[in-house]
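Commentary on secondary and tertiary structure
These are the residues of each chain, in order.
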Amino acid sequence: MRLIYLLGALLAAGGAAAQTSVADSDIALRAPSAAWQPYAKAQAWAVYDAVPIRELGRYWGNSYAPRDGRNVFLQRDRVEFGVEKNGWRIGAEYRLELSLETNRDTVDLYQTYQSHKTPDKARDFAADAHSKQWAAAGARVGRTVALPDLGAGSPLLMVSAAVYGHARNHDSSASGKVGYKPDTAYRIDGTYANSNTDYAYPFMPEAAQKSSGASIAAALQWPLSSQLTANLAVNDLWSRMRWTNLPSLVQNIASDVRTVDSDGYINYKPQIVGQNNLIEHTGSIGASTALNLTYRYQQWSLQAGAQRIAGTTIPEAVGSYASHWGTFSASYDTRFNMVGLGYEYGPLRLRLRTDRLPFSEAHAFSLETAMHFAF
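Residues numbered from 1 in each chain as written. Predicted model: local features only at pLDDT ≥ 70, side-chain atom pairs only at ≥ 80, totals over all residues. Heavy atoms only, no water.

With that settled, the discussion passes to the overall build of the protein. A tally of helices and strands in the protein yields two helices and 16 strands. Counting over 375 residues, the protein shows a buried share of 45%. Accessible area for the protein stands at about 18400 Å²; split by element, carbon and sulfur atoms hold 57% of it. (Helix = DSSP H or I, 4+ residues; strand = E, 2+ residues; numbered from the N terminus. Buried < 20%, exposed > 50% of the residue type's maximum accessible area, 1.4 Å probe, protein only. Areas by Shrake-Rupley, 256 points an atom, 1.4 Å probe, with all protein chains shown as cover.)

Attention now moves to the pairing of strand 16 (residues 364-372). Examined bridge by bridge, strand 1 (residues 37-48) and strand 16 share nine bridges and lie antiparallel to one another. Counterpart to Gln43 in the pairing with strand 16 is Glu368. (Pairing = 2+ DSSP bridges.)

Looking now at the side chain of Arg78. Relative to the elements of secondary structure, Arg78 occurs in strand 2 (residues 71-85). A distance of 3.4 Å separates polar atoms of two side chains, one belonging to Arg78 and the other to Glu80. (Polar contact = N/O pair within 3.5 Å; in protein donor to acceptor, adjacent residues only side chain to side chain.)

Moving on: the nonpolar core. Of all hydrophobic cores here, the largest spans 13 residues; its most connected members are Val51, Trp60, Tyr64 and Phe73. Elements represented by at least two residues in this core include exactly strand 1 and helix 2 (104-114). Val51 has contacts with Leu56, Trp60, Ser63, Tyr64, Phe73 and His363, leaving out every residue within four places of it along the chain. (Core = buried A, V, L, I, M, F, W, Y, C linked by side-chain atoms within 4.5 Å. Contact = heavy atoms within 4.5 Å.)

Moving on to the pattern of salt bridges. Oppositely charged side chains may form a pair once their charged atoms are brought near each other. Taken as a whole, this structure holds 23 salt bridges when the rule is applied. Here Arg123 makes a salt bridge to Asp105, at a shortest N to O gap of 3.3 Å. Of this pair, Arg123 sits in strand 4 (residues 123-146) while Asp105 sits in helix 2, and the two are 18 residues apart along the sequence. A relative accessible area of 30% means that Arg123 is categorised as partly exposed. Its salt-bridge partner being Arg356, residue Asp355 comes within 3.0 Å of it at the nearest N-O pair. In the salt-bridge network here, residues are joined through shared partners; they are Asp68, Arg104, Asp105, Asp108 and Arg123. (Salt bridge = Lys/Arg side-chain N within 4 Å of Asp/Glu carboxyl O.)

This brings us to the confidence of the model for the protein. When the pLDDT values of the protein are averaged, the result is 87; 88% of them are 70 or greater. Here residues 14-26 scores under 50 on pLDDT; set against residues more than four positions off or in separate chains, the count is 55 contacts. (pLDDT = per-residue confidence, 0-100.)

Take helix 2 next. Taking burial as the measure, the 11 residues of helix 2 include eight buried ones, the bulk of the element. Buried within helix 2 are the following residues: Thr106, Val107, Asp108, Leu109, Tyr110, Gln111, Thr112 and Tyr113. Trailing helix 2 by a residue or two, His116 shows a phi angle of about 60°, which is positive.

Residue Pro358 is reached from Leu357 by a cis peptide bond, and omega for that bond is 0°. Following the sequence through the fold, Pro358 ends up in the loop between strand 15 (348-354) and strand 16. Non-glycine residue Phe203 carries a positive phi angle of around 60°. For Phe203, the position within the fold is in the loop between strand 6 (185-196) and strand 7 (210-223). Judged by its relative accessible area of 85%, Phe203 is exposed. The backbone of Asn245 sits at a positive phi, close to 60°, despite the residue not being glycine. In this fold, Asn245 is placed in strand 8 (residues 228-260). Looking at Asn245, the relative accessible area reads 23%, which means it is partly exposed.

To continue, consider the packing of aromatic side chains. Going through the model one piece at a time under the given rule, you end up with six aromatic pairs. With 5.7 Å between their ring centres and 50° between their planes, Tyr48 and Phe73 make a pair best called tilted. Note that Tyr48 is positioned in strand 1 and Phe73 in strand 2, a separation of 25 residues in sequence. Considered together, Tyr48 and Phe73 belong to a single accessibility category, that of buried residues. Each ring, one from Phe328 and one from Tyr343, has its centre 5.1 Å from the other, and the planes form 50°; the classification is tilted. (Phe/Tyr/Trp six-rings, centres within 6.5 Å; stacked < 30°, edge-to-face > 60°.)

Residue position: His363 is located in the loop between strand 15 and strand 16. The spacing of His363 and Pro52 is 311 residues in sequence and 4.2 Å in space, taken between C-alpha atoms. When residues no more than four places from it in sequence are discounted, the contact partners of His363 are Ala46, Val47, Tyr48, Asp49, Ala50, Val51, Pro52, Ile53, Ser63, Asp355 and Arg356. Polar side-chain contacts of His363 include one of 3.4 Å to the backbone oxygen of Asp49.

We now examine a nonpolar patch on the surface. A cluster of nonpolar side chains, contributed by Leu350, Leu352, Leu357, Phe359 and Leu367, occupies part of the molecular surface with about 450 Å² of accessible area. Of note, Phe359 is situated in the loop between strand 15 and strand 16. (Patch = residues over 30% accessible without salt bridge, like charges linked within 9 Å, V, L, I, M, F, W, Y side chains within 5 Å.)

Moving on, we get to the environment of Met338. Relative to the elements of secondary structure, Met338 occurs in the loop between strand 13 (326-333) and strand 14 (339-345). Classification of Met338 as buried rests on a relative accessible area of 1%. As a C-alpha pair, Met338 and Ala364 span 26 residues in sequence and 6.6 Å in three-dimensional space.

Shown next, in the form of structure tokens:
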């Protein structure tokens, strides 16, 4: 059943990738200083609606628990390091980002196929899945400035720009209709499209691949009073990614499926019409934002805010306590039900979040580490 096989390849694509970067949850800015300030940060973040993270490219068993309507599979990683001085920041970074959005019919259809089962009654599935994945390394330059003091303290504004090279791309989509009837089995009509820097189709002409990218980010820290501060960060406020001679395929698929073999696999008679090409592809990364309010009282602080990533809004609350042994924090987000614990001492910071234990059963997981020294 060609379309369902391709749906499976699309849904499992993230399993072969490392995890990808959320809009930076640590968006508190630092005032410009004449001291040299090396910094480094690593973030790994993954959230899957329908299955545990470890099962994305595997068998979808008893842990299959999709949402009604829109299901998302998001992964974001980021590693960066550099130095700051007098408000200037220069550094290097690596990013890997994946977003996959499907409807409930698509994940139900794939789960049924993965389980070697057939629907218990006649059913029509409307398949619709779209995946966007890219990875690149680059250099970033930024500038933090103190704005005029408005009474509660000086607001800080940081703007940075990055350029990327040797970027990878893997975008896929599948759509169509799959109908099932016990007497006639499956009828499939659909379209599958895929572009992939690592794809090589038969008789592909020799051509050098080229890629480039650029992005602008901004962050604002605004003291509203001596105890209340607003923070806003927008990653990829403007961005542009371009690939030349990118291998691409588009297929139209029609198939009448009549029988199931002894192992539960479907025998099919596919009709596939498609085209392979080397294309030029230009697009944007898509902005991700983080907004929060932080209230401080003596050694305690409470932060409430939200992030928006790939069309998904993630509200979150964080409470923290500063002691002689460091700052301890706890957090909770209402979209993926992740509970987090954090610890910060001097220049070092660590934060771990998950929606369930053991980690092998988690549908959502995040690990962040950072350091920031001043000499």
